[in-house]
Amino acid sequence: MEVRWITAKGFEHRSAAELPQLLARDDGFVWVDIDRLDEEAAEVLSGVFRFHALGVRECHKRVPLPKLHAYQDHFFLVLYSVQLEKGSRLRLFQLGFFIHEQRYLVTVQDPQIVSSADILERETHAVLARMEAGRFLPRTPSELGHAIISTLAHRMEDCVGRIATQVEKLERSITRGRLHEYERMLAGMFEVRHDLQTLRTMASTSREVHARMVAYSRGLQSESVLWLQDSVDHFDRLKNICDGEKELMQEILDLYQTRVANDLSQLVRRLTALGAILVADTLVAGIYGMNFDVMPELHWRYGYAYALALMAAVSAAMFWWFRRKDWL
């Protein structure tokens, strides 16, 4: 648990024991960033900040979707960050926010994070790096929360861009692929479609969370409302991008089905043509294999060669005709 005191002059690292005194001051605000919610951190949330038990409990476990709880003096919201790992595997990370407009921002990382590398990749650490480099100094908790959420949204947008590249590769593979490769392509298309749907759901529900905050923000400063509206617009744009990629993915699936049906139709036509040729040969062989006593070529010296030549001639004629019709 990291406690930071932020003023117009900069920010300082403080201890959890100083939180009551810091919260009573009006010349700055507190940012508490909790990487892992242990007993000490939970006691700070419940005892020092006196947050609602429901919000604290939801920091201990994952919630299905982004959500918002509005209280008398603060908001509690849960958002999801995304990360597209090697092998095109999409991972979701939960991030909880307790936001007071003037006094504090408390961020709680995903309770299922077990790797320190995952923690260092989080949006809160990216914003902290900007602050340490002197490139960003928030004036209010709302501005700091907006910076973290904007970083989260930009990371989501990067994931959508990488998935869009996969969609383009799948489209090229389908137009150039062969029949035996289609099963692998289909599995890849379903994975991409699932990732797009997940991103679309997260962007849509995050947009609704911020739209509700705008509706609840009549008493907030105009600057805070602008931050919230900007987040609404950002997630709305992300949702629209995901919808566009999903439509393209559906068109690719339609193309895949058309290509498979076309290749299967060509295969059936070739098999039908070959079967017709063999039926003609079978007809000739069947006639000369009946073994009646009175048959024109039964005792003819060249009857066997004649039957073979007749089958070859009929097969060649049918082969030529099928090739002319583009069946072979």
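My aim in this report is to walk through the structure given alongside it, one point at a time. Just so it is clear, the structure is predicted and the values come from calculations on it, not from any experiment.

Criteria and cut-off values
- Residues numbered from 1 in each chain as written.
- Predicted model: local features only at pLDDT ≥ 70, side-chain atom pairs only at ≥ 80, totals over all residues.
- Heavy atoms only, no water.
- Helix = DSSP H or I, 4+ residues; strand = E, 2+ residues; numbered from the N terminus.
- Rg over C-alpha atoms; globule rule 2.2 N^0.38 Å.
- Buried < 20%, exposed > 50% of the residue type's maximum accessible area, 1.4 Å probe, protein only.
- Contact = heavy atoms within 4.5 Å.
- Areas by Shrake-Rupley, 256 points an atom, 1.4 Å probe, with all protein chains shown as cover.
- Lys, Arg positive; Asp, Glu negative; His and termini not counted.
- Charge placed at Lys NZ, Arg CZ, Asp CG, Glu CD.
- Core = buried A, V, L, I, M, F, W, Y, C linked by side-chain atoms within 4.5 Å.
- Arc of directions from axis to C-beta.
- Pairing = 2+ DSSP bridges.
- Axes fitted to C-alpha atoms, helices over the stretch in contact; angles between N-to-C directions.
- Parallel < 35°, antiparallel > 145°, perpendicular 65-115°, else oblique.
- Nonpolar A, V, L, I, M, F, W, Y, C, P; charged D, E, K, R; others polar.
- Left-handed = near helix turned anticlockwise from the far one by under 90°.
- Phe/Tyr/Trp six-rings, centres within 6.5 Å; stacked < 30°, edge-to-face > 60°.
- Lys NZ or Arg CZ within 6 Å of the ring centre and 35° of its normal.
- Salt bridge = Lys/Arg side-chain N within 4 Å of Asp/Glu carboxyl O.

**A few points about the overall build of the chain**
Tallying secondary structure elements over the chain gives 9 helices and 7 strands in all. Taken over C-alpha atoms, the radius of gyration comes to 35 Å for the chain, far larger than the 20 Å a tight globule of 328 residues would show. Seen through its C-alpha atoms, the chain measures out along the principal axes to roughly 120 × 35 × 35 Å. Out of the 328 residues in the chain, the part that is buried amounts to 43%. Sequence-distant contacts in the chain: of pairs separated by 6 or more residues, those separated by 24 or more amount to 64%. Summed over all atoms, the accessible surface of the chain reaches about 18,200 Å², with 54% contributed by carbon and sulfur. Charge separation in the chain, taken as the distance between the mean sites of 40 positive and 44 negative side-chain charges, equals 4 Å.

**Details of the nonpolar core**
Soluble globular proteins tend to bury their nonpolar side chains together. In terms of nonpolar packing, the biggest core is built from 72 residues, with V106 and L144 touching the most fellow members. Ranked by the residues each element gives to this core, the list is headed by helix α6 (residues 141-176), at 13 residues. Sequence-distant contacts of L144, that is, excluding residues within four places in its chain, are made with I6, F29, W31, L105, V127, M131, F136 and P138.

**Looking at helix α2 (residues 39-48)**
Along an α-helix, a turn takes 3.6 residues, which lines up residues three or four apart on a common side. Taken together, the buried positions of α2 are occupied by A41, A42, V44 and L45. Across the axial projection of α2, the buried residues extend over an arc of 155°, all falling on one side. Seen from the buried face of α2, the exposed residues on the opposite side, beyond 90 degrees, are E39, E40 and E43. The inward-facing, buried residues of α2 abut α1 (19-24), β3 (29-34), α3 (53-60), β6 (89-99) and β7 (104-108). Looking one or two residues past α2, R50 carries a phi angle of roughly 55°, positive in sign.

**Remarks on the sheet that holds strand β5 (residues 75-85)**
Either a parallel or an antiparallel arrangement is found when strands of a sheet pair, and the pairing is made through backbone hydrogen bonds. Strand order in the open sheet formed by 7 strands is β2-β1-β3-β7-β6-β5-β4, with mixed pairing between adjacent strands. Looking along the sheet, the strands with just one partner apiece sit at the ends: β2 (10-14) and β4 (67-70). Between one strand axis and the next, the sheet turns through 20° on average, direction left out of account. As paired elements, β5 and β6 share 11 bridges and run antiparallel to each other. Note on β6: the bridge partner recorded for V82 is L92.

**Some words on unusual backbone geometry**
The backbone phi angle of R50 is positive, close to 55°, even though this residue is not glycine. Following the sequence through the fold, R50 ends up in the loop between α2 and α3.

**Some remarks on the packing of α6 against helix α8 (residues 222-288)**
One can describe the packing of α6 onto α8 by two numbers: an axis separation of 10 Å at closest approach and a directional angle of 10°. Considering their axes alone, α6 and α8 lie roughly parallel with respect to each other. Here the residues of the contact of α6 with α8 are counted per class, giving 19 nonpolar, 8 polar and 8 charged.

**Remarks on the packing of α8 against helix α9 (residues 303-324)**
Packing of α8 against α9 brings their axes to within 9 Å, and their N-to-C directions diverge by 160°. Considering their axes alone, α8 and α9 lie roughly antiparallel with respect to each other. Classified by chirality, the crossing of α9 by α8 is right-handed. Between α8, through A273, A276, I277, A280, D281, V284, A285 and Y288, and α9, the contact on the second element is made entirely by Y306, A307, L310, M311, V314, S315, M318, F319 and F322.

**With respect to the packing of aromatic side chains**
A full pass over the atoms with the stated rule returns 6 aromatic pairs. With 5.0 Å between their ring centres and 10° between their planes, F49 and F51 make a pair best called stacked. A single burial state applies to F49 and to F51, both of which are buried. Site record: aromatic cluster; members linked through ring pairs are F49, F51, F76, F98 and Y104. Looking at R4, its charged tip hangs above the ring of W31, at a distance of 4.6 Å from the centre. Lying over the aromatic face of F136, R130 brings its terminal NZ or CZ to 4.7 Å of the ring centre.

**Points about the pattern of salt bridges**
Where charged atoms from two side chains of opposite charge come close, those side chains can pair. Counted under the stated rule, the structure contains 11 salt bridges. A salt bridge links D110 to R62; its shortest N-O distance comes to 2.6 Å. Taken together, the residues D110 in the loop between β7 and α4 (116-120) and R62 in the loop between α3 and β4 connect sequence positions 48 residues apart. Overlapping salt bridges bring together E12, R14 and E18 as one network.

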